[in-house]
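Below are the chains, spelled out letter by letter.
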Amino acid sequence: MAGRYDYFLLKRLQSLFGIFPLGAFLVVHFTFNSFVFGGAETFNLFVGASQGFPLIAFMEIGLIAVPLLVHTLLGLIIIYRGSVNLVPYTYYRNWMYILQRVTGFTALAFVVWHVWNTRLHAFFTGKHVTFAYMQQHFGPAWVKAFYIVGIMSAVFHLANGFATAMMTWGVTASKKSQLAMTMATWVITFFMGAWGLRILLAFTG
Amino acid sequence: MDEIRLKIKRQDGPDELPYWEEFAVPYGPKMNVVMCLQAIQNDPVTVEGLPTTPVVWECSCLEEVCGSCTMIVNGKVRQSCSALVDQLEQPITLEPMTKFPVVRDLRVDRSKMFEALKEAGAWVTVDGYFDLGPGPRMAPADQQKAYHFSRCMVCGCCCEACPQYNSRSPFMGAFVMGQAFMFNTHPIGALEKEKRLDALMGVGGLGDCSNAQNCEKACPKNIPLTEAIARLGWDTTIHMIRKFLR
């Protein structure tokens, strides 16, 4: 039967993309944005250097835009094919099932808006993002709030997605290993969340 | 307490609209929901005193091993024979399972579960009636493992509790994964392991699981379904790579 394995393969691809390159990119993104801890000058220097990297377009499209699009489109199909039954089945994993979908949605909305303001802005105006621009951008309280929601959503979505991907690929089959990954989910969410918010704080002061 | 109050979601036929009726049946010690339904069958009169049709439901073993009396009792899917009145809040609400077509009242058509078992090849093929001699040996540890999965009665609780099992998704359900895993580990069943893995990589297979893990929580037999799903996830990964390379 033609196309028999398509959905299975696409789902595995979606799972893989969530970890690499998307999850890996989030870590890299946080790492390099940590240049902001060195002050405005260091941050501006880094942005200029990274945007001047000759292969940046290939990396941005090939390693971020395309995988994100595939991950998102399949995510929407998964949401459509699922349902909510927290009442009466209020189990931990069922909560995570819902949270994964909710944070996927909020993280997506945030990422689109974030990319528009901090990357496409530079593309259309020809001016790179600077520390001063970011400071001004973070001016309104709702922007800060949206960033907090966006960062925490993305971080949780990655951490929980990593735990479920380990089940999907069959790495963690036992109760013990799945519990270990559950705990790792919250450790990653806490530390990466704190890291992300600390970066945000470095801009807003 | 001298009477038991029940609220039952009724439906006269597959294409009819559902409606609720309330009943009161005389209380007896250690009664279960099936006994309440039998009392209603004997005297089908609602609490308003109006005569009605007897409530239709299925049951057989009355000891939670056949799965046929599965329904939603006070919001949660379970077998009505092991649902004891003394442990239930009243009025006891009874509803048919929502993931299967209703035949009438509390009786549903679960034939798509059987179709799924056929799709996944959840059996051991033994060809012919002649004496094949003793079967291959199985390590006691493997027997123990298989025993858990052999307790599956195809009741539908895992499907009912699964957020991924619905009319928009072709998902075959967690019980299939448990059965496929069991037969894959069986010495004779293992001969057709690849056929089962192919089926589980197909439409409605593992690709439709989203690890909500309600299946295992809802399973009245505590079958380690999520372990089976994860182990099959690994097996299909290897199978997928091997199939591509060889």
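Residues numbered from 1 in each chain as written. Chains lettered and ligands numbered in written order. Predicted model: local features only at pLDDT ≥ 70, side-chain atom pairs only at ≥ 80, totals over all residues. Heavy atoms only, no water.

### Structural notes on the overall build of chain B
The helix and strand inventory of chain B stands at 8 helices and 7 strands. Along the three orthogonal principal directions, the C-alpha set of chain B runs to about 70 × 40 × 35 Å. Burial statistics for chain B: of 246 residues in total, 51% are counted as buried. Here the analysis covers contacts within chain B between residues at least 6 apart in sequence; of these, 61% occur between residues at least 24 apart. (Helix = DSSP H or I, 4+ residues; strand = E, 2+ residues; numbered from the N terminus. Buried < 20%, exposed > 50% of the residue type's maximum accessible area, 1.4 Å probe, protein only. Contact = heavy atoms within 4.5 Å.)

### Re the overall build of chain A
For chain A, the helix and strand inventory stands at 7 helices and 0 strands. The linear arrangement of helices and strands in chain A, starting from the amino end, is α-α-α-α-α-α-α. Over its C-alpha atoms chain A spans a radius of gyration of 18 Å, differing by no more than 12% from the 17 Å that the globule rule assigns to 205 residues. Counting only C-alpha atoms and orienting by the principal axes, one finds that chain A spans roughly 50 × 40 × 25 Å. The buried share of chain A, reckoned over its 205 residues, is 41%. Contacts spanning at least 24 positions in sequence make up 76% of the contacts within chain A whose residues lie at least 6 apart. Here chain A displays about 10,900 Å² of accessible surface, and carbon together with sulfur accounts for 79% of that area. (Rg over C-alpha atoms; globule rule 2.2 N^0.38 Å. Areas by Shrake-Rupley, 256 points an atom, 1.4 Å probe, with all protein chains shown as cover.)

### Quick notes on the packing of aromatic side chains
Applying the stated rule across the entire model yields 21 aromatic pairs over all chains. Seen from their ring centres, A:Phe30 and A:Trp195 are 5.5 Å apart, and the 85° between their planes marks the pair as edge-to-face. Pair noted here: A:Phe30 is in helix 1 (residues 6-33) and A:Trp195 is in helix 7 (residues 175-204), with a separation of 165 residues, a long-range link. Classification of A:Trp195 as partly exposed rests on a relative accessible area of 28%. Lying across the ring of A:Tyr97, A:Arg101 places its NZ or CZ 3.7 Å from the centre. A cation over an aromatic ring shows up here: B:Lys7 above the ring of B:Trp20, its NZ or CZ 5.0 Å from the ring centre. (Phe/Tyr/Trp six-rings, centres within 6.5 Å; stacked < 30°, edge-to-face > 60°. Lys NZ or Arg CZ within 6 Å of the ring centre and 35° of its normal.)

### Quick look at the interface of chain A and chain B
Between chain A and chain B, the contact holds 30 residues from the first and 40 residues from the second. A buried area of about 3,000 Å², summed over both sides, lies between chain A and chain B, and 52% of it is on carbon and sulfur atoms. At the boundary of chain A with chain B, the tally comes to 3 salt bridges. Among the salt bridges present, the one from A:Lys175 reaches B:Glu216, with a minimum N-O distance of 2.8 Å. Put simply, chain A and chain B have 23 residue pairs in polar contact (both at pLDDT 80 or more) between them. Looking at the side of chain A that touches chain B, the elements that each hand over two or more residues are helix 1, helix 3 (56-81), helix 4 (92-125), helix 6 (141-168) and helix 7 of chain A. With 5 residues, helix 1 of chain A is the single largest residue contributor to the side of chain A that touches chain B. Here the residues of the side of chain A that touches chain B sort into 14 nonpolar, 9 polar and 7 charged. (Buried area = accessible area lost by both parts, 1.4 Å probe. Salt bridge = Lys/Arg side-chain N within 4 Å of Asp/Glu carboxyl O. Polar contact = N/O pair within 3.5 Å; in protein donor to acceptor, adjacent residues only side chain to side chain. Nonpolar A, V, L, I, M, F, W, Y, C, P; charged D, E, K, R; others polar.)

### Considering the nonpolar core
All names here are of chain B. Counting 48 residues, the largest nonpolar core has Phe 175, Val 176, Leu 200 and Leu 232 as its most contacted members. Among the elements of the structure, helix 2 (111-119), helix 3 (140-150), helix 4 (157-161), helix 5 (174-185), helix 6 (193-200), helix 7 (214-218) and helix 8 (225-245) are those that each provide at least two residues to this core. By residue number, the principal contributor to this core is helix 5, which donates 8 residues. Mapping this core onto the domain boundaries places at least three of its residues in each of domain 1 (3-108) and domain 2 (111-126 + 135-245). Contact partners of Leu 232, with chain neighbours within four places excluded, come to Met 177, Ala 180, Phe 181, Asn 184, Leu 197, Leu 200 and Leu 206. (Core = buried A, V, L, I, M, F, W, Y, C linked by side-chain atoms within 4.5 Å. Domains from an automatic or database assignment.)

### Here we look at the packing of helix 3 of chain A against helix 4 of chain A
When two helices pack together, their arrangement is given by the angle between their axes and by how far apart the axes lie. All names here are of chain A. Contact geometry of helix 3 with helix 4 gives a least axis separation of 11 Å together with a crossing angle of 150°. For the element pair helix 3 and helix 4, the recorded crossing hand is left-handed. Residues Glu 60, Leu 68, Thr 72, Leu 76, Ile 78 and Ile 79 of helix 3 lie in contact with helix 4, whose contacting residues are Arg 101, Phe 105, Leu 108, Val 111 and Arg 119. Of the residues assigned to the contact of helix 3 with helix 4, the class counts are 7 nonpolar, 1 polar and 3 charged. (Axes fitted to C-alpha atoms, helices over the stretch in contact; angles between N-to-C directions. Left-handed = near helix turned anticlockwise from the far one by under 90°.)

### Focus on the domain arrangement of chain B
Residue and element names in this part refer to chain B. The domain architecture assigned to chain B consists of domain 1 (3-108) and domain 2 (111-126 + 135-245). Between domain 1 and domain 2, the C-alpha centre-to-centre distance is 30 Å. Listed by partner, the interface residues are 13 residues for domain 1 and 14 residues for domain 2. Sorting the residues of domain 1 by area buried against domain 2 places Val 77, Lys 99 and Phe 100 first, and these three jointly supply 53% of that buried surface. Counting the contacts that link domain 1 with domain 2 gives 1 salt bridge. A salt bridge links Glu 64 to Lys 221; its shortest N-O distance comes to 3.4 Å. Run the count over domain 1 and domain 2 and you get 7 residue pairs in polar contact (both at pLDDT 80 or more). If you list the elements that add at least two residues to the side of domain 1 that touches domain 2, you get strand 3 (70-73) and strand 4 (76-79). With 3 residues, strand 4 is the largest single contributor of residues to the side of domain 1 that touches domain 2. Within the side of domain 1 that touches domain 2, the residues separate by chemical class into 6 nonpolar, 4 polar and 3 charged.

### So, the side chain of B:Glu95
All names here are of chain B. Secondary-structure assignment places Glu 95 in strand 5 (residues 92-95). Although buried, Glu 95 forms no salt bridge, and the nearest oppositely charged side chain, Lys 9, lies 4.3 Å from it. Apart from the residues lying within four places of it in its own chain, the contact partners of Glu 95 are Lys 9, Trp 20, Met 71, Ile 72, Gly 75 and Leu 106. (Lys, Arg positive; Asp, Glu negative; His and termini not counted.)

### Some details on the sheet that holds strand 2 (residues 19-26) of chain B
All names here are of chain B. Taken together, the 5 strands give an open sheet; going across it, the order is 2-1-5-3-4, and neighbouring strands pair in mixed fashion. Lying at the two open borders of the sheet, with one neighbouring strand each, are strand 2 and strand 4. Averaged over all pairs of adjacent strands, the angle between their axes in this sheet comes to 35°, without regard to strand direction. Pairing between strand 3 and strand 5: 2 bridges, direction antiparallel. In the sheet register, Val 73 faces strand 5, and the bridge partner there is Leu 94. Seen against the sheet, helix 1 (residues 33-42) touches strand 1 (3-10), strand 2, strand 3 and strand 5 and runs at an angle of roughly 80° to strand 1. (Pairing = 2+ DSSP bridges.)

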